[in-house]
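What follows is each chain in one-letter form.
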Amino acid sequence: MTAPGTRADGAPADGLPADGAPADGLPADGLRADGAPGPAPVYRPPRAAALRRFARAYLARRAGAAGLGILVLAALLALTAPLYIGDGQLDVTRVDGPLLAPPSGAYPLGTDHAGRSVLLLTVWGARSSLAVGCVATVLTVLLGSAVGLVAGHYGGRLGRALMHVTDWFIALPSLPLAISLAAVIGQGPVSITIAIAVTSWSATARLVRAQTIAVGARPFVERARALGAGEAQVMFRHILPNVTPIILVSATLTVASAILSEATLTFLGLGDPTDVTWGSMLSAALSQGAVTYGAWWYLMAPGTAILLVVLGFTLTGRTVEHLLNPRTGGAS
(Lines give C-alpha, C1' and ligand atoms only; values in the text may rest on other atoms or scores of the structure.)
Protein backbone atom coordinates (compact mmCIF):
# COMPACT_ATOMS: atom_id res chain seq x y z
CA MET A 1 0.00 0.00 0.00
CA THR A 2 1.67 3.23 -1.13
CA ALA A 3 1.22 6.61 0.44
CA PRO A 4 -1.01 9.09 -1.33
CA GLY A 5 0.87 11.17 -3.95
CA THR A 6 3.66 8.60 -4.36
CA ARG A 7 4.45 5.91 -6.93
CA ALA A 8 5.20 2.28 -6.23
CA ASP A 9 8.92 3.08 -5.91
CA GLY A 10 8.23 5.68 -3.25
CA ALA A 11 8.94 8.65 -5.55
CA PRO A 12 6.46 11.51 -5.59
CA ALA A 13 3.79 11.39 -8.29
CA ASP A 14 4.91 14.75 -9.69
CA GLY A 15 7.89 13.11 -11.38
CA LEU A 16 10.55 14.18 -8.77
CA PRO A 17 12.71 11.64 -6.92
CA ALA A 18 12.19 11.12 -3.23
CA ASP A 19 14.92 13.66 -2.35
CA GLY A 20 13.08 16.42 -4.21
CA ALA A 21 15.59 16.73 -7.04
CA PRO A 22 14.25 16.99 -10.56
CA ALA A 23 14.63 14.09 -12.99
CA ASP A 24 17.68 15.65 -14.71
CA GLY A 25 19.73 15.39 -11.51
CA LEU A 26 19.37 19.04 -10.44
CA PRO A 27 18.00 20.00 -7.02
CA ALA A 28 14.57 21.53 -6.78
CA ASP A 29 16.04 25.05 -6.59
CA GLY A 30 17.75 24.61 -10.00
CA LEU A 31 21.31 24.57 -8.57
CA ARG A 32 23.87 21.83 -9.03
CA ALA A 33 25.77 20.25 -6.15
CA ASP A 34 28.57 22.83 -6.48
CA GLY A 35 26.10 25.70 -6.17
CA ALA A 36 26.32 26.75 -9.82
CA PRO A 37 23.02 27.46 -11.57
CA GLY A 38 21.71 24.75 -13.85
CA PRO A 39 20.75 25.24 -17.50
CA ALA A 40 17.75 27.43 -18.13
CA PRO A 41 14.61 25.55 -19.12
CA VAL A 42 13.83 25.64 -22.82
CA TYR A 43 10.50 27.29 -23.60
CA ARG A 44 8.76 26.09 -26.70
CA PRO A 45 5.79 28.29 -27.65
CA PRO A 46 2.67 26.33 -28.44
CA ARG A 47 2.32 28.20 -31.74
CA ALA A 48 5.67 26.89 -32.95
CA ALA A 49 4.62 23.33 -32.14
CA ALA A 50 1.31 23.86 -33.92
CA LEU A 51 3.11 25.18 -37.00
CA ARG A 52 5.40 22.15 -37.03
CA ARG A 53 2.41 19.81 -36.82
CA PHE A 54 0.69 21.72 -39.61
CA ALA A 55 3.81 21.57 -41.82
CA ARG A 56 4.14 17.81 -41.28
CA ALA A 57 0.47 17.25 -42.05
CA TYR A 58 0.69 19.46 -45.13
CA LEU A 59 3.76 17.76 -46.57
CA ALA A 60 2.19 14.36 -45.93
CA ARG A 61 -0.42 15.17 -48.58
CA ARG A 62 0.91 14.58 -52.08
CA ALA A 63 -1.36 17.14 -53.75
CA GLY A 64 -0.32 19.90 -51.37
CA ALA A 65 3.38 19.02 -51.67
CA ALA A 66 3.13 19.00 -55.46
CA GLY A 67 1.37 22.38 -55.49
CA LEU A 68 3.93 23.88 -53.14
CA GLY A 69 6.76 22.53 -55.28
CA ILE A 70 5.29 24.16 -58.40
CA LEU A 71 4.97 27.51 -56.63
CA VAL A 72 8.48 27.38 -55.15
CA LEU A 73 9.97 26.58 -58.56
CA ALA A 74 8.00 29.39 -60.24
CA ALA A 75 9.03 31.85 -57.55
CA LEU A 76 12.71 30.90 -57.79
CA LEU A 77 12.71 31.26 -61.58
CA ALA A 78 10.99 34.64 -61.38
CA LEU A 79 13.26 36.02 -58.64
CA THR A 80 16.51 34.84 -60.24
CA ALA A 81 15.57 35.77 -63.82
CA PRO A 82 17.67 39.01 -63.87
CA LEU A 83 20.76 36.95 -63.07
CA TYR A 84 20.75 35.05 -66.36
CA ILE A 85 18.46 37.08 -68.65
CA GLY A 86 19.85 40.34 -70.00
CA ASP A 87 18.11 43.23 -71.69
CA GLY A 88 19.66 42.29 -75.01
CA GLN A 89 17.90 38.92 -74.97
CA LEU A 90 14.46 40.57 -74.72
CA ASP A 91 14.98 43.62 -76.94
CA VAL A 92 13.51 43.06 -80.40
CA THR A 93 16.09 45.44 -81.89
CA ARG A 94 19.08 43.52 -80.53
CA VAL A 95 18.24 39.83 -80.93
CA ASP A 96 19.32 37.93 -84.03
CA GLY A 97 17.58 34.59 -83.68
CA PRO A 98 15.49 32.97 -86.43
CA LEU A 99 11.86 34.03 -86.65
CA LEU A 100 9.26 31.57 -85.34
CA ALA A 101 11.83 28.77 -85.23
CA PRO A 102 10.67 25.46 -83.72
CA PRO A 103 12.25 24.09 -80.53
CA SER A 104 15.92 23.16 -80.91
CA GLY A 105 19.05 22.80 -78.83
CA ALA A 106 19.76 26.53 -78.94
CA TYR A 107 16.10 27.45 -78.32
CA PRO A 108 14.42 24.73 -76.21
CA LEU A 109 10.97 26.30 -76.62
CA GLY A 110 11.54 27.89 -80.02
CA THR A 111 11.52 31.59 -80.89
CA ASP A 112 8.86 34.26 -81.30
CA HIS A 113 8.10 36.49 -84.27
CA ALA A 114 11.10 38.72 -83.44
CA GLY A 115 13.62 35.91 -82.93
CA ARG A 116 13.58 35.98 -79.13
CA SER A 117 13.76 32.80 -77.05
CA VAL A 118 10.26 31.79 -75.94
CA LEU A 119 11.75 30.06 -72.89
CA LEU A 120 13.40 33.27 -71.69
CA LEU A 121 10.25 35.25 -72.41
CA THR A 122 8.16 32.79 -70.39
CA VAL A 123 10.52 32.93 -67.41
CA TRP A 124 10.68 36.73 -67.54
CA GLY A 125 6.92 37.00 -67.89
CA ALA A 126 6.46 35.16 -64.60
CA ARG A 127 7.83 38.20 -62.75
CA SER A 128 5.04 40.57 -63.74
CA SER A 129 2.26 37.98 -63.79
CA LEU A 130 3.03 36.64 -60.32
CA ALA A 131 3.65 40.09 -58.85
CA VAL A 132 0.36 41.52 -60.11
CA GLY A 133 -1.55 38.40 -59.06
CA CYS A 134 -0.11 38.34 -55.54
CA VAL A 135 -0.48 42.09 -54.90
CA ALA A 136 -4.04 42.05 -56.23
CA THR A 137 -4.80 39.10 -53.95
CA VAL A 138 -3.45 40.95 -50.90
CA LEU A 139 -5.62 43.97 -51.67
CA THR A 140 -8.62 41.75 -52.37
CA VAL A 141 -8.28 39.83 -49.12
CA LEU A 142 -7.68 42.96 -47.03
CA LEU A 143 -10.71 44.76 -48.46
CA GLY A 144 -12.99 41.74 -48.31
CA SER A 145 -11.86 40.76 -44.81
CA ALA A 146 -12.40 44.29 -43.46
CA VAL A 147 -15.90 44.51 -44.92
CA GLY A 148 -16.88 41.02 -43.79
CA LEU A 149 -15.45 41.44 -40.30
CA VAL A 150 -17.19 44.76 -39.66
CA ALA A 151 -20.48 43.63 -41.20
CA GLY A 152 -20.52 40.37 -39.26
CA HIS A 153 -19.45 41.82 -35.92
CA TYR A 154 -21.50 45.00 -35.71
CA GLY A 155 -24.48 43.99 -37.84
CA GLY A 156 -27.43 46.36 -37.75
CA ARG A 157 -27.76 49.08 -40.36
CA LEU A 158 -24.03 49.21 -40.96
CA GLY A 159 -23.85 45.48 -41.62
CA ARG A 160 -26.86 45.54 -43.91
CA ALA A 161 -25.47 48.49 -45.88
CA LEU A 162 -22.12 46.77 -46.35
CA MET A 163 -23.83 43.57 -47.48
CA HIS A 164 -25.99 45.49 -49.95
CA VAL A 165 -22.81 46.91 -51.51
CA THR A 166 -21.27 43.43 -51.50
CA ASP A 167 -24.30 41.93 -53.23
CA TRP A 168 -24.17 44.70 -55.82
CA PHE A 169 -20.58 43.81 -56.68
CA ILE A 170 -21.44 40.11 -56.79
CA ALA A 171 -24.28 40.78 -59.22
CA LEU A 172 -22.07 42.77 -61.60
CA PRO A 173 -20.10 40.79 -64.21
CA SER A 174 -16.52 40.98 -62.97
CA LEU A 175 -14.66 40.82 -66.29
CA PRO A 176 -16.48 43.71 -68.05
CA LEU A 177 -16.19 45.78 -64.87
CA ALA A 178 -12.46 45.06 -64.62
CA ILE A 179 -11.97 45.96 -68.28
CA SER A 180 -13.83 49.23 -67.78
CA LEU A 181 -11.86 50.16 -64.66
CA ALA A 182 -8.50 49.30 -66.24
CA ALA A 183 -9.40 51.32 -69.33
CA VAL A 184 -10.46 54.34 -67.26
CA ILE A 185 -7.47 54.29 -64.91
CA GLY A 186 -4.98 53.71 -67.72
CA GLN A 187 -2.79 50.96 -69.09
CA GLY A 188 -0.25 49.31 -66.84
CA PRO A 189 0.13 46.83 -63.99
CA VAL A 190 -1.14 49.30 -61.37
CA SER A 191 -4.48 49.75 -63.10
CA ILE A 192 -4.83 45.99 -63.61
CA THR A 193 -4.07 45.35 -59.93
CA ILE A 194 -6.69 47.88 -58.80
CA ALA A 195 -9.24 46.53 -61.26
CA ILE A 196 -8.78 42.96 -60.02
CA ALA A 197 -8.99 43.97 -56.35
CA VAL A 198 -12.12 46.09 -56.82
CA THR A 199 -13.97 43.34 -58.68
CA SER A 200 -12.89 40.34 -56.57
CA TRP A 201 -13.30 41.26 -52.89
CA SER A 202 -17.03 40.49 -52.54
CA ALA A 203 -16.66 36.70 -52.26
CA THR A 204 -14.10 37.07 -49.46
CA ALA A 205 -16.38 39.53 -47.65
CA ARG A 206 -19.29 37.08 -47.70
CA LEU A 207 -17.10 34.24 -46.43
CA VAL A 208 -15.52 36.27 -43.62
CA ARG A 209 -18.90 37.69 -42.54
CA ALA A 210 -20.38 34.22 -42.14
CA GLN A 211 -17.38 33.03 -40.13
CA THR A 212 -17.43 36.18 -37.98
CA ILE A 213 -21.07 35.63 -37.07
CA ALA A 214 -20.35 31.99 -36.16
CA VAL A 215 -17.38 32.90 -33.96
CA GLY A 216 -19.23 35.82 -32.33
CA ALA A 217 -21.89 33.43 -31.03
CA ARG A 218 -19.41 31.31 -29.09
CA PRO A 219 -19.32 31.42 -25.26
CA PHE A 220 -15.79 32.82 -24.94
CA VAL A 221 -16.87 35.98 -26.80
CA GLU A 222 -19.78 36.45 -24.40
CA ARG A 223 -17.43 35.98 -21.45
CA ALA A 224 -15.06 38.60 -22.87
CA ARG A 225 -17.92 41.10 -23.09
CA ALA A 226 -19.04 40.23 -19.57
CA LEU A 227 -15.54 40.99 -18.31
CA GLY A 228 -15.73 44.48 -19.80
CA ALA A 229 -14.01 44.09 -23.17
CA GLY A 230 -15.00 46.71 -25.75
CA GLU A 231 -16.34 45.89 -29.17
CA ALA A 232 -13.07 46.75 -30.91
CA GLN A 233 -11.12 44.60 -28.46
CA VAL A 234 -13.50 41.69 -28.93
CA MET A 235 -13.29 41.99 -32.70
CA PHE A 236 -9.49 42.21 -32.99
CA ARG A 237 -8.36 40.05 -30.05
CA HIS A 238 -11.01 37.33 -29.96
CA ILE A 239 -12.81 37.12 -33.29
CA LEU A 240 -10.09 38.01 -35.82
CA PRO A 241 -7.61 35.30 -34.69
CA ASN A 242 -10.34 32.69 -35.11
CA VAL A 243 -11.31 34.04 -38.54
CA THR A 244 -7.71 34.20 -39.79
CA PRO A 245 -7.58 30.56 -40.99
CA ILE A 246 -10.54 31.08 -43.32
CA ILE A 247 -8.91 34.29 -44.58
CA LEU A 248 -5.72 32.38 -45.33
CA VAL A 249 -7.65 29.74 -47.26
CA SER A 250 -9.49 32.43 -49.20
CA ALA A 251 -6.18 34.11 -50.10
CA THR A 252 -4.58 30.94 -51.47
CA LEU A 253 -7.62 30.27 -53.63
CA THR A 254 -8.06 33.91 -54.72
CA VAL A 255 -4.53 34.28 -56.07
CA ALA A 256 -5.21 31.66 -58.76
CA SER A 257 -8.18 33.61 -60.11
CA ALA A 258 -6.19 36.85 -59.83
CA ILE A 259 -3.44 35.44 -62.07
CA LEU A 260 -6.05 34.33 -64.59
CA SER A 261 -7.62 37.81 -64.51
CA GLU A 262 -4.21 39.43 -65.01
CA ALA A 263 -3.50 37.22 -68.01
CA THR A 264 -6.92 38.03 -69.46
CA LEU A 265 -6.54 41.79 -69.08
CA THR A 266 -3.02 41.86 -70.51
CA PHE A 267 -4.16 39.61 -73.34
CA LEU A 268 -6.78 42.24 -74.18
CA GLY A 269 -4.08 44.91 -74.37
CA LEU A 270 -4.73 46.69 -71.05
CA GLY A 271 -1.23 46.10 -69.67
CA ASP A 272 2.04 47.88 -70.29
CA PRO A 273 2.87 47.28 -73.99
CA THR A 274 6.61 47.30 -73.22
CA ASP A 275 6.35 44.69 -70.46
CA VAL A 276 6.55 40.93 -71.01
CA THR A 277 3.78 38.95 -69.34
CA TRP A 278 2.13 35.64 -70.08
CA GLY A 279 -1.01 37.37 -71.29
CA SER A 280 0.90 39.71 -73.59
CA MET A 281 2.80 36.73 -75.02
CA LEU A 282 -0.46 35.01 -75.93
CA SER A 283 -1.77 38.22 -77.46
CA ALA A 284 1.41 38.72 -79.51
CA ALA A 285 1.37 35.10 -80.68
CA LEU A 286 -2.16 35.42 -82.03
CA SER A 287 -1.62 38.83 -83.60
CA GLN A 288 1.64 37.77 -85.28
CA GLY A 289 0.14 34.70 -86.96
CA ALA A 290 1.46 31.92 -84.75
CA VAL A 291 -1.66 29.85 -85.50
CA THR A 292 -1.32 30.39 -89.26
CA TYR A 293 2.36 29.43 -89.29
CA GLY A 294 1.77 26.44 -86.98
CA ALA A 295 4.04 27.90 -84.26
CA TRP A 296 2.37 25.92 -81.48
CA TRP A 297 5.32 26.47 -79.12
CA TYR A 298 4.67 30.20 -79.05
CA LEU A 299 1.19 29.60 -77.61
CA MET A 300 1.92 26.51 -75.57
CA ALA A 301 4.70 27.95 -73.38
CA PRO A 302 2.80 30.85 -71.73
CA GLY A 303 -0.44 28.86 -71.67
CA THR A 304 1.22 25.95 -69.88
CA ALA A 305 2.90 28.33 -67.43
CA ILE A 306 -0.47 29.87 -66.51
CA LEU A 307 -2.01 26.42 -66.14
CA LEU A 308 0.76 25.11 -63.87
CA VAL A 309 0.84 28.15 -61.58
CA VAL A 310 -2.95 28.22 -61.22
CA LEU A 311 -2.86 24.48 -60.52
CA GLY A 312 -0.17 25.01 -57.88
CA PHE A 313 -2.17 27.67 -56.05
CA THR A 314 -5.35 25.60 -56.29
CA LEU A 315 -3.71 22.47 -54.87
CA THR A 316 -2.11 24.51 -52.10
CA GLY A 317 -5.35 26.26 -51.22
CA ARG A 318 -7.39 23.07 -51.17
CA THR A 319 -4.86 21.34 -48.94
CA VAL A 320 -4.76 24.27 -46.51
CA GLU A 321 -8.54 24.38 -46.49
CA HIS A 322 -8.75 20.67 -45.69
CA LEU A 323 -6.24 20.93 -42.84
CA LEU A 324 -7.79 24.03 -41.26
CA ASN A 325 -11.39 22.90 -41.61
CA PRO A 326 -12.41 20.92 -38.49
CA ARG A 327 -15.25 19.25 -40.40
CA THR A 328 -12.73 17.43 -42.61
CA GLY A 329 -10.53 16.28 -39.78
CA GLY A 330 -7.99 19.10 -39.64
CA ALA A 331 -4.29 18.69 -39.03
CA SER A 332 -3.35 15.81 -36.83
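Draft legend 1. Spotlight on empty space enclosed by the protein. With the rule as written, the count across this model stands at one cavity of 30 Å³ or more. Computed from the structure, the largest cavity encloses a volume of approximately 50 Å³. Together, S128, G188, P189, I192, E262, T266, G271, D272, D275 and T277 line the largest cavity. Counting only elements with at least two residues in the lining of the largest cavity, the list comes to α6 (189–216) and α8 (231–267).

Draft legend 2. View of helix α9 (residues 278–287). Listed in full, the buried residues belonging to α9 are W278, G279, M281, L282, A284 and A285. Looking at the buried residues of α9, the elements they touch are α3 (118–154), α8, α10 (290–293) and α11 (296–324). Following α9 by one or two positions, G289 has its phi on the positive side, about 80 degrees.

Draft legend 3. Main features of the packing of aromatic side chains. On inspection of all chains with the given rule, the structure shows four aromatic pairs. Taking the centre distance of 5.1 Å and the plane angle of 85 degrees together, the rings of W168 and F169 count as edge-to-face. On the basis of relative accessible area, W168 is assigned to the exposed category, the value being 51%. Look at F169 and you get buried, because its relative accessible area is 18%. Taken together, W168, F169 and W201 form an aromatic cluster joined through their ring pairs.

Conventions adopted
Residues numbered from 1 in each chain as written. Predicted model: local features only at pLDDT ≥ 70, side-chain atom pairs only at ≥ 80, totals over all residues. Heavy atoms only, no water. 1 Å grid on protein atoms, 1.4 Å probe; cavity = no way out; pocket = protein on both sides within 12 Å on 5 of 7 lines; lining within 4 Å. Points joined across faces, edges and corners; volume = space filled by probe spheres on them. Helix = DSSP H or I, 4+ residues; strand = E, 2+ residues; numbered from the N terminus. Buried < 20%, exposed > 50% of the residue type's maximum accessible area, 1.4 Å probe, protein only. Contact = heavy atoms within 4.5 Å. Phe/Tyr/Trp six-rings, centres within 6.5 Å; stacked < 30°, edge-to-face > 60°.

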